[in-house]
Amino acid sequence: MPARIRDAERMHTDTERCVRAVQSKDARFDGWFFTAVVTTRIYCRPSCPVVPPKAENMTFYPSAAACQQAGFRACKRCRPDSTPGSPEWNQRADLVARAMRLIGDGVVDREGVPGLAARLGYSARQVERQLRAELGAGPLALARAQRARTARLLIETTALPMAEIAFAAGFSSIRTFNDTVCEVFALAPGELRARAPKQAAGTAPAASGALCLRLPFRAPLNPDNLFGHLVATGVPGVEEWRDGAYRRTLRLPYGHGVVALTPYPDHIGCRLSLTDPRDLTVAISRCRRLLDLDADPAAVDAQLRDDPLLAPLVDKAPGRRVPRTVDEAEFAVRAVLGQQVSTAAARTHAARLVAAHGTPVKDPEGPEGGLTHLFPGPEALAALDPEALALPRSRRTTLTTLVRHLADGTLRLGVESGWDEARARLAELPGFGPWTIEVIAMRALGDPDAFLPSDLGVRRAARELGLPHTPAALTARAAAWRPWRAYAVQYLWATDDHPINCIPAQK
């Protein structure tokens, strides 16, 4: 089985390769394709622990939704609906990838297919056609499969009444909820709850009203730079590290929430407190995106190991992820505040902005918790007085121009954004140079190939490793790392002893 699987975009059509993956129970391919067994009418993940079916009885689909549309139900042993998401949607910016990110963000449930198409700038027919061509299912079927996953999660991990679960998962009626759960899982909702596995590490009972979940990922995952970066750059009042967990507030479509994310060897523990349960799907999607949990470390690390100067860094601590964001507009504002200043200074500027313009919230941990505000949205910041900002005049202009364009919609940095188009729009704004644009592309837009050749930490690491350290020469050398240059940056940053590379001590 080849180590690199980044060419698996149409893998489900390669029958021989899929059969080999199933027979070897290769977990690296979970989420890339699904195995449907024609004799049992069950679909599984490639790593299903049961005895593999005969090759002639297997057929392969690119999505769980396609399996369900073809009349297959989810396996009760391997639970294919709980696999990590396909890495494809994080490494592409075409129509299908952007549509899948929006569906994951709950747009179809909130705005329907017309709303999805409008955000993408295409007709509903074109979106439907392209999704069916690549995934074997249209946007409604894909959203339905997601609702089924969310419903199962709530059924198995909470004591919420079934009626509340139905509407929280996005179903329009209890009858539709019951019919979908029975069809997809071959069990009634009550039976599904009765069969639910007992709580494991990372899903212990939490404060009243909190949901405790397990977020899967593809191994390996190195949490050091991931959590270290989020904590070292965290904004007081919005983010904190407490009791071994990264905690932060979330601005969500129907309300707000607080999440605590804890790294474990085989999953991320996720404790969510939401003001409206309908925000569960989008909250999970944004937390997965924040921690880059749908990445494909096998493909990334295999390519970076081809460079003999990077290989020792990869071998020492494989599985580094790119720390991203739960709010693209928030990160863009913070990137401007961090221009040409230290990490501590950037946190101070952001904390002042939060105290003056953020929305106050109540920490579910009570007085012990340190979360006090939601980060202010573009609409709130668009009215701020530039003279009140303790920033150089040029940076005030940069910040106020940015928030004005974000607030009026002329600049869009959400999951529906095309990476190249967003870069071009940012470049038109005053004060946006290559470093700021690329760090936004890396952490807000999610481009896995974003690169920071002028970053001081990257240049320092390049010099120490014997790589070219001028921006032009390093960019030329980094062409061999594409399309994973953002991950190469994480490995280069990790050569320093900066706090961003270390998980803090318990607090």
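Quantities reported herein were computed from a predicted structural model and do not represent experimental measurements.

1. So, unusual backbone geometry
And step 1. Cis geometry marks the peptide bond from Ala219 to Pro220; its omega dihedral reads 0°.
And step 2. Mapping Pro220 onto the fold places it in the loop between β5 (211-215) and α10 (223-232).
And step 3. Between Arg482 and the following residue, Pro483, the backbone shows a cis peptide bond with an omega angle of 10°.
And step 4. For Pro483, the location among the structural elements is in the loop between α21 (471-477) and α22 (485-493).
And step 5. Although it is not a glycine, Arg41 sits at a positive phi angle of roughly 60°.
And step 6. In this fold, Arg41 is placed in the loop between β1 (34-37) and β2 (42-44).
And step 7. Not every positive phi belongs to a glycine, and Ala186 is a case in point at roughly 60°.
And step 8. Relative to the helices and strands, Ala186 resides in the loop between α8 (174-185) and α9 (189-194).
And step 9. Residue Ala186 is classed as partly exposed on the basis of its relative accessible area, which comes to 33%.

2. Details of the pattern of salt bridges
And step 1. As enumerated under the stated definition, the model contains 37 salt bridges in all.
And step 2. Taking the shortest distance from any N to any O, the salt bridge between Glu156 and Arg79 comes out at 2.6 Å. Here Glu156 is found in helix α6 (residues 139-157), whereas its partner Arg79 is found in the loop between β4 (73-74) and α3 (95-104), with 77 residues between them in sequence.
And step 3. Overall, Glu156 belongs to the buried group, its relative accessible area being 15%.
And step 4. Notably, a salt bridge pairs Glu183 with Arg144, separated by 2.9 Å at the nearest N-O pair.

3. Some words on the nonpolar core
And step 1. One finds Leu304, Val333, Leu402, Leu413, Ile440 and Trp481 to be the most contacted residues of the largest nonpolar core, which totals 63 residues.
And step 2. Core analysis: the second largest hydrophobic core is formed by 49 residues, Val259, Leu261, Cys270 and Leu280 among them.

4. Concerning the environment of Ala332
And step 1. Within the secondary structure, Ala332 sits in helix α14 (residues 328-337).
And step 2. Residue Ala332 is classed as buried on the basis of its relative accessible area, which comes to 0%.
And step 3. When the C-alpha atoms of Ala332 and Leu413 are compared, they prove to be 8.6 Å apart, with 81 residues separating the residues in sequence.
And step 4. Discounting chain neighbours no more than four positions away, the residues touching Ala332 are Leu402, Leu413 and Ile440.

5. Quick look at the packing of aromatic side chains
And step 1. Under the definition given, this model contains eight aromatic pairs.
And step 2. Both rings, one in Phe34 and one in Tyr43, keep their centres 6.1 Å apart while their planes meet at 75°; by these two values the pair is edge-to-face. The pair formed by Phe34 and Tyr43 is uniform in burial state, with each residue classed as buried.
And step 3. Seen in terms of ring centroids, Trp484 and Tyr487 are 6.0 Å apart; in terms of plane orientation they differ by 75°. Their pairing is edge-to-face. For the pair formed by Trp484 and Tyr487, the shared burial category is buried.
And step 4. Through pairs of rings, three or more aromatic residues link up here, namely Phe29, Phe33 and Phe60.
And step 5. Its end group placed over the ring of Phe72, Arg41 keeps NZ or CZ at 3.9 Å from the ring centre.

6. Things to note about the packing of α6 against helix α11 (residues 280-290)
And step 1. Contact geometry for α6 and α11: axes closest at 10 Å, N-to-C directions at 95°. Here α6 is positioned roughly perpendicular relative to α11, judged by the angle of their axes. Where α6 approaches α11, its residues Gln146, Thr150, Leu153 and Leu154 are matched on the opposing element by Leu280, Thr281 and Ile284.
And step 2. Looking at the contact of α6 with α11 residue by residue, the classes come out as four nonpolar, three polar and no charged.

7. Some details on the sheet that holds β1
And step 1. Reading across the sheet, the four strands line up as β3-β1-β2-β4 and stay open at both edges, with mixed pairing between neighbours. On the outer flanks of this sheet lie β3 (58-61) and β4, each paired with one strand and no other.
And step 2. Those strands touched by helix α1 (residues 15-23) are β1 and β3, and its axis lies near 105° from that of β3.

8. Digging into the sheet that holds β5
And step 1. With respect to topology, five strands assemble into an open sheet ordered β5-β9-β8-β7-β6, the strand pairing being antiparallel. Every interior strand has two partners, whereas the edge strands, β5 and β6 (239-242), have only one. Adjacent strand axes in the sheet meet at a mean angle of 25°, parallel and antiparallel pairs treated alike.
And step 2. As judged from the five bridges shared by β5 and strand β9 (residues 268-274), these two strands associate in the antiparallel manner. Residue pairing for β9: Leu215 is matched across the bridge by Ile268.
And step 3. Docked against the sheet, α10 engages β6, β7 (245-251), β8 (256-263) and β9, running at close to 145° with respect to β8.

9. Topic: α10
And step 1. Among the 10 residues of α10, eight are classified as buried, and the element is accordingly described as predominantly covered.
And step 2. Within α10 the residues assigned to the buried category are Asn225, Leu226, Phe227, Gly228, His229, Leu230, Val231 and Ala232.
And step 3. Between the side-chain oxygen at the start of α10 and the backbone nitrogen of Asp224 there is a gap of 2.9 Å, and the oxygen is on Asn222.

10. Side note on the pairing of β3
And step 1. The alternating pattern of β3 places Met58 and Phe60 on a buried face and Thr59 and Tyr61 on a face that is not buried.
And step 2. Summarising the sheet, β1 and β3 pair through four bridges and their orientation is antiparallel. Across the sheet, residue Phe34 finds its bridge partner in β3, namely Tyr61.

11. Let's talk about the confidence of the model for the chain
And step 1. For the chain, per-residue confidence averages 90 on the pLDDT scale, and 95% of positions sit at 70 or higher.
And step 2. Of all secondary-structure elements in the chain, the lowest mean pLDDT belongs to β5, at 88, while strand β11 (residues 373-374) reaches the highest, 98.
And step 3. Here residues 1-8 is modelled with pLDDT under 50, and outside its nearest four sequence neighbours on either side it reaches 30 contacts, counting other chains as well.
And step 4. Confidence drops under pLDDT 50 across residues 200-207; counting only partners more than four residues distant or on other chains, this segment forms 18 contacts.

12. Digging into the side chain of Thr400
And step 1. Structurally, the position occupied by Thr400 is in helix α17 (residues 393-408).
And step 2. Looking at Thr400, the relative accessible area reads 18%, which means it is buried.
And step 3. Within the local environment of Thr400, its side chain forms a polar contact with the backbone oxygen of Thr397, the two atoms lying 3.2 Å apart.
And step 4. If we ignore the near neighbours within four places in the chain, the residues touching Thr400 are Leu384 and Pro386.

Reading the values: the criteria
Residues numbered from 1 in each chain as written. Predicted model: local features only at pLDDT ≥ 70, side-chain atom pairs only at ≥ 80, totals over all residues. Heavy atoms only, no water. Helix = DSSP H or I, 4+ residues; strand = E, 2+ residues; numbered from the N terminus. Buried < 20%, exposed > 50% of the residue type's maximum accessible area, 1.4 Å probe, protein only. Salt bridge = Lys/Arg side-chain N within 4 Å of Asp/Glu carboxyl O. Core = buried A, V, L, I, M, F, W, Y, C linked by side-chain atoms within 4.5 Å. Contact = heavy atoms within 4.5 Å. Phe/Tyr/Trp six-rings, centres within 6.5 Å; stacked < 30°, edge-to-face > 60°. Lys NZ or Arg CZ within 6 Å of the ring centre and 35° of its normal. Axes fitted to C-alpha atoms, helices over the stretch in contact; angles between N-to-C directions. Parallel < 35°, antiparallel > 145°, perpendicular 65-115°, else oblique. Nonpolar A, V, L, I, M, F, W, Y, C, P; charged D, E, K, R; others polar. Pairing = 2+ DSSP bridges. Polar contact = N/O pair within 3.5 Å; in protein donor to acceptor, adjacent residues only side chain to side chain. pLDDT = per-residue confidence, 0-100.

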